[in-house]
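In case you want the letters, here they are:
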Amino acid sequence: MFSRLCTFRDKLYDLISHRKAATINLIDANTGSNNAESPTQLSLSPSFRRKYNSITKVISEFKLNGDPKESKDIPADDRTKLFRLEKEFIEPDDKNHFTFAMDTTPQPRRHSPKLNDKSVVYYPNSAPGNNPIVVGHSYSLLAYLPERQGNSPWIAPLDLRRVSTDEKGTQVGMQQLFDWIDANPDLPPDSLYIGIGDSAYSSLANQQQVEERTQQDTVLISRIPPRRNIYRLIASGHRKYGEKMMLKDQKTHFAYDQQISFPSQLKNGKQVEVTVTVWRDVVRRGTNKFKGYEHPFDLYRCTVTDPQTKKSVYAKPLWLTVFGKRRAELSLEQIYHKYQERPAVEHFFRFAKQHLLIASFQTPVTEHEENWWLIALLSYWQLYLAKDEIQGLPHPWEKYAPHFKRPQAESSPSSVKRCFDAVLREIGTPAHEVLPAVAGSGRQAGETQEPRKNHKVIFKSEKPKKEDKKKVDTAKNSKLPGCKKEGDISHPESLDKIANTVRKLAHDNGCDISDLIKKLSEPSPVPG
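Basis of the calculations
- Position numbers for residues start from 1 in each chain and track the written sequence from start to end.
- In view of the model being predicted, local features appear only for residues whose pLDDT reaches at least 70, and side-chain atom pairs are presented and counted only at 80 or more, with totals across whole chains, interfaces and linings using the full set of residues.
- As a rule here, side-chain values cover all heavy atoms of the structure and leave hydrogens and water aside.
- Think of it this way: any DSSP run of H or I at least four residues long counts as a helix, any run of E at least two long counts as a strand, and we number them from the N terminus.
- Relative accessible area decides the class of each residue, using a 1.4 Å probe on protein chains only: under 20% of the type maximum gives buried, over 50% gives exposed, and in between gives partly exposed.
- Two residues form a contact once any of their heavy atoms are found within 4.5 Å.
- Where accessible areas are quoted, they stem from the Shrake-Rupley method and a 1.4 Å probe; at the residue level, only the protein chains shown are allowed to cover.
- Comment: axis = line fitted to C-alpha atoms, over the contacting stretch for helices; angle = value between 0 and 180 degrees taken between N-to-C directions.
- Every angle not falling under 35 degrees, over 145, or within 65 to 115 is termed oblique; those three ranges are roughly parallel, roughly antiparallel and roughly perpendicular.
- Gly is placed with the polar residues, together with every amino acid not listed as nonpolar (Ala, Val, Leu, Ile, Met, Phe, Trp, Tyr, Cys and Pro) or charged (Asp, Glu, Lys and Arg).
- In predicted models, pLDDT denotes the confidence assigned by the predictor to each residue on a 0 to 100 scale.
- Pairs were defined over the aromatic rings of Phe, Tyr and Trp, the Trp ring being its six-membered one, requiring ring centres within 6.5 Å. Orientation was assigned from the angle between planes: stacked under 30 degrees, edge-to-face over 60, tilted for the rest.

## Let's talk about the overall build of the protein chain
Summing up its helical and strand segments, the protein chain has 13 helices and 12 strands in all. When burial is assessed residue by residue, the protein chain has 45% of its 528 residues classed as buried. Within the protein chain, contacts between residues separated by at least 24 positions form 66% of all contacts whose residues are at least 6 apart in sequence. Only carbon and sulfur atoms are counted for the fraction: they give 50% of the accessible area of the protein chain, which is about 29,700 Å².

## Things to note about the environment of aspartate 179
Following the sequence through the fold, aspartate 179 ends up in helix H5 (residues 169-182). Among the residues examined, aspartate 179 registers a relative accessible area of 25% and is labelled partly exposed. Expressed as a C-alpha distance, the spacing of aspartate 179 and phenylalanine 83, which sit 96 residues apart in the sequence, is 8.8 Å. Residue contacts for aspartate 179: discarding those within four places in its chain leaves Phe83 and Arg161.

## Here's the deal with the packing of helix H1 (residues 3-15) against helix H11 (residues 413-427)
Packed helix pairs are specified by the crossing angle of their axes together with the interaxial distance, meaning the distance between the axes. Where H1 meets H11, the axes come as close as 12 Å, and the angle between the chain directions of the two elements is 75°. Relative to H11, H1 is oriented roughly perpendicular. Contacts between H1 and H11 involve Leu5, Cys6 and Arg9 on the former and, on the latter, Phe420, Val423, Leu424 and Ile427. In the contact of H1 with H11, the residues fall into 6 nonpolar, no polar and 1 charged.

## Remarks on the confidence of the model for the protein chain
Looking at the protein chain as a whole, its pLDDT mean stands at 85, while 86% of the residues score no less than 70. Across residues 488-492, where pLDDT falls below 50, the model places 14 contacts with residues more than four positions away in sequence or in other chains.

## Details of the packing of aromatic side chains
Each pair of aromatic rings is reported with the distance of its centres and the angle of its planes. Going through the model one piece at a time under the given rule, you end up with 21 aromatic pairs. Centre to centre, the rings of phenylalanine 100 and tyrosine 144 are 5.9 Å apart; their planes meet at 70°, and the pair counts as edge-to-face. Of the two residues, phenylalanine 100 is situated in strand E1 (residues 97-108) and tyrosine 144 in strand E3 (residues 133-144); the sequence distance between them amounts to 44 residues. Both residues of the pair, phenylalanine 100 and tyrosine 144, count as buried. Where phenylalanine 100 meets tyrosine 193, the ring centres are 6.4 Å apart and the plane angle is 40°; that geometry is what we call tilted. With phenylalanine 100 in strand E1 and tyrosine 193 in strand E5 (residues 192-197), this residue pair connects regions lying 93 residues apart in the sequence. The exposure class assigned to tyrosine 193 is buried, which follows from its relative accessible area of 4%. By way of ring pairs, the aromatic residues Phe8, Phe89, Trp154, Phe348, Phe349, Phe351, Tyr380, Trp381 and Tyr384 are connected into one cluster.

What follows is the structure in structure tokens.
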């Protein structure tokens, strides 16, 4: 039993370069603990065989086959080794299609003046009148979406990467997808990689990344806001854009290319009828660098109706865009069902923050925060690999729920986590026993630490100031021939300013002012 989980743990243990045993103990404690409210409290777990101060050392020195003395982010080649390890535990569908989802989530750090590279990020706020923002960091997730066996929203998280203040979360997500694909060149050559994102991923920049990829093996499915305008593609002529179609105005919709209807079932078990309409090879306005009329895409409209009353279940239809050269390989029904799997990412964020303490590590060091997020990701991987061999353990008030009444119901992440301590007792750990350590010397008498510096909140809306052209030190821009700009002295524009400039130059060059006046009184040729 648990052969896949044991294989993953053994290979992960070999991948960790420093403090292997302590790191595995921390990952196990975070995976199986059900009462901890902070990473420090994980030291009370039976799975963590060390003292609480080892937690800080593990997080600060966590590297996957890297140099523990380096304080920078994990090198690209080491993250590549993690990608290759993850690839061994995911499988494509029968058509060699790999489905991924990308999304970002905030890490609130309201009271962290010592934390660097923090900005104002999106954060849902239910208080009326308050803006949905918070000071902190943002993290981008790349996840593999396996074929769902039941209603349990399982995903396989592949990568978590912090979005710096000079990056956009959507572009980081696309780069994560391409990095993971490129790190696994031994995948089937005819594989199709399908990325799924929300409306932020329907931007021109993301479309350009997909279109310009050399391998042409990626398709991006994303939601598009109904306020956008779409144009019909013109094959030839001086005009670049054809008939205009406003998504929110049905009167402007031109003829579609295909439409199908099929029965489906919502997450609550309700039977519905789904109608998918597609407009193929449409375009939208681009930029000077990315010509929109040269990069057509497919537009999908999905409506859900009650088969009995024929009324719409949702107030508005779902609009989707599909980018990529190989988009025609996906059927209309496939595209609808694949996008419906995207909300599982939201469940991962909620579960990781509530049960895996992913956003609970408060540290003034950004690199340590990034390490903890990756440790929490590995904790979820253990739950994911154990789910098929664990029968969910419901709470007493949950045993009458419809999910647990169904035969062979798939266990949820919460129910697997409640049983994981028993799994650890059965399979053991690759970590060696704790060895007695010699007490360190500690700080010497009179030794002090340099206080940490405060870091301001970076607002992305602020544009960097342009270089003042008046500060260019050239004789060409000076109004005094032969004089250069010195310090903060302005260009002379009056007799007083000329006199002040001359005194300044004479003093700086050690010249007597009377000798300079005599020199100026001598006749000189008029410059031509």
